[in-house]
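The chain contents come next:
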Amino acid sequence: MAIVIRYATAGDAENIALLSRQTFYDTFAEHNSKEDMDRFMNETFSIDILIQEVACPEHIFITACMEAELVGYAKLTESSNPPELGNIDAIEIGRIYSKQKTIGHGVGKALMQECLRIAAKKTKQLIWLGVWEHNQRAISFYKKFGFEKFGEHDFVLGNDVQTDWLMKRNVSV
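All values reported here derive from a predicted model rather than from experimental measurement. (Residues numbered from 1 in each chain as written. Predicted model: local features only at pLDDT ≥ 70, side-chain atom pairs only at ≥ 80, totals over all residues. Heavy atoms only, no water.)

Q: What am I meant to see in the pairing of strand S6 (residues 148-157) here?
A: Remember that side chains alternate between the two faces of the sheet whenever the strand is regular. Of the pairings in the sheet, the one linking S6 to strand S7 (residues 160-170) comprises nine bridges and is antiparallel in character. Of the residues in S7, the one forming a bridge with Gly151 is Leu166. (Pairing = 2+ DSSP bridges. Helix = DSSP H or I, 4+ residues; strand = E, 2+ residues; numbered from the N terminus.)

Okay, here's the thing in structure tokens:
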């Protein structure tokens, strides 16, 4: 099946929010307590908050569809860098999410390739992201694209302080 990648519009916001919640829960619920997941989903990852993110001009959302079904998306953010990167002209991949049923079918690859194209078009030097240190599937995926660990930061899920690896790669690779 063909994967269609396009820039998201305001009309995609609710579907992106719903997909965000579904994919986050599917990926992380088994590794976290119900209380921590519920708190995170209600306070940080609510539908209203996620819809507002899509409308925020500092974010770039791209969607992946298969047979007109939204199956994934990526969020890029032009914001301040982690201290380890200094003032290098960089862009962050805040999320690359795809439905569980499409993992291994090229959705993540297509989204990552578009993220890299966008970073190059914006003449960024680096592209970076954060990934949970125990998410080996995602870490392996990022390493295939040439990302390497350059630091760590805390990620708070409910009441649980977890460690995310910070990973980067040169855009011109």
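Read on, since the account is not over.
Q: Even after reading the chapter, I still don't get the side chain of Lys124, so can you show me in this structure?
A: Here Lys124 is to be found in the loop between helix H4 (107-121) and strand S5 (126-132). For Lys124, the residues in contact, after removing those within four places along its chain, are Glu78, Asp89, Ala90, Ile91, Ala119 and Val171. (Contact = heavy atoms within 4.5 Å.)

Q: What is the right way to read the packing of aromatic side chains from this model?
A: The description of two aromatic rings rests on the distance between their centres and on the angle between their planes. A full pass over the atoms with the stated rule returns eleven aromatic pairs. Seen in terms of ring centroids, Tyr73 and Tyr97 are 5.7 Å apart; in terms of plane orientation they differ by 70 degrees. Their pairing is edge-to-face. Of this pair, Tyr73 sits in strand S3 (residues 69-77) while Tyr97 is found in strand S4 (residues 90-98), placing the two residues 24 residues apart along the sequence. Look at Tyr73 and you get buried, because its relative accessible area is 0%. (Phe/Tyr/Trp six-rings, centres within 6.5 Å; stacked < 30°, edge-to-face > 60°. Buried < 20%, exposed > 50% of the residue type's maximum accessible area, 1.4 Å probe, protein only.)

Q: Honestly, the environment of Val54 in this entry has me stumped. Any pointers?
A: Among the structural elements, Val54 can be located in helix H3 (residues 47-55). Sequence spacing of Val54 and Asn170 is 116 residues, and the spatial spacing of their C-alpha atoms is 26 Å. Non-local contacts of Val54, meaning those with residues more than four positions away in its chain, are made with Thr9, Ala13, Ile16 and Phe61.

Q: Where do I start with the pattern of salt bridges in this structure?
A: Should the charged atoms of two oppositely charged side chains come close, the side chains can pair. This model, assessed by the stated rule, comprises twelve salt bridges. A salt bridge links Arg6 to Asp12; the shortest N-O distance between them is 2.8 Å. Measuring nitrogen to oxygen at the nearest pair gives 3.1 Å for the salt bridge that ties Glu69 to Lys101. On the criterion of sequence distance, the pair formed by Glu69 in strand S3 and Lys101 in the loop between S4 and H4 is long-range, its members being 32 residues apart. Residues participating in the shared-partner salt-bridge network are Glu78, Asp89, Lys122 and Lys124. (Salt bridge = Lys/Arg side-chain N within 4 Å of Asp/Glu carboxyl O.)

Q: For this particular structure, what's the right way to read unusual backbone geometry?
A: One can expect most non-glycine residues to show negative phi and most peptide bonds to be in trans. Not every positive phi belongs to a glycine, and Ala68 is a case in point at roughly 65 degrees. Within the secondary structure layout, Ala68 lies in the loop between strand S2 (59-66) and S3. The class for Ala68 is exposed, based on a relative accessible area of 78%. For Thr123, which is not glycine, the phi dihedral falls at a positive 55 degrees.

Q: What is the right way to look at the pairing of S3 in this model?
A: When you tally the buried positions in S3, you get eight out of nine residues, the bulk of the element. Bridge analysis of S2 against S3 gives eight bridges, and the strand direction is antiparallel. Bridged to Phe61 within S3 is Lys75. The hairpin turn running from S2 into S3, its antiparallel successor, is two residues long, and Glu67 in that turn takes a positive phi close to 50 degrees. As paired elements, S3 and S4 share six bridges and run antiparallel to each other.

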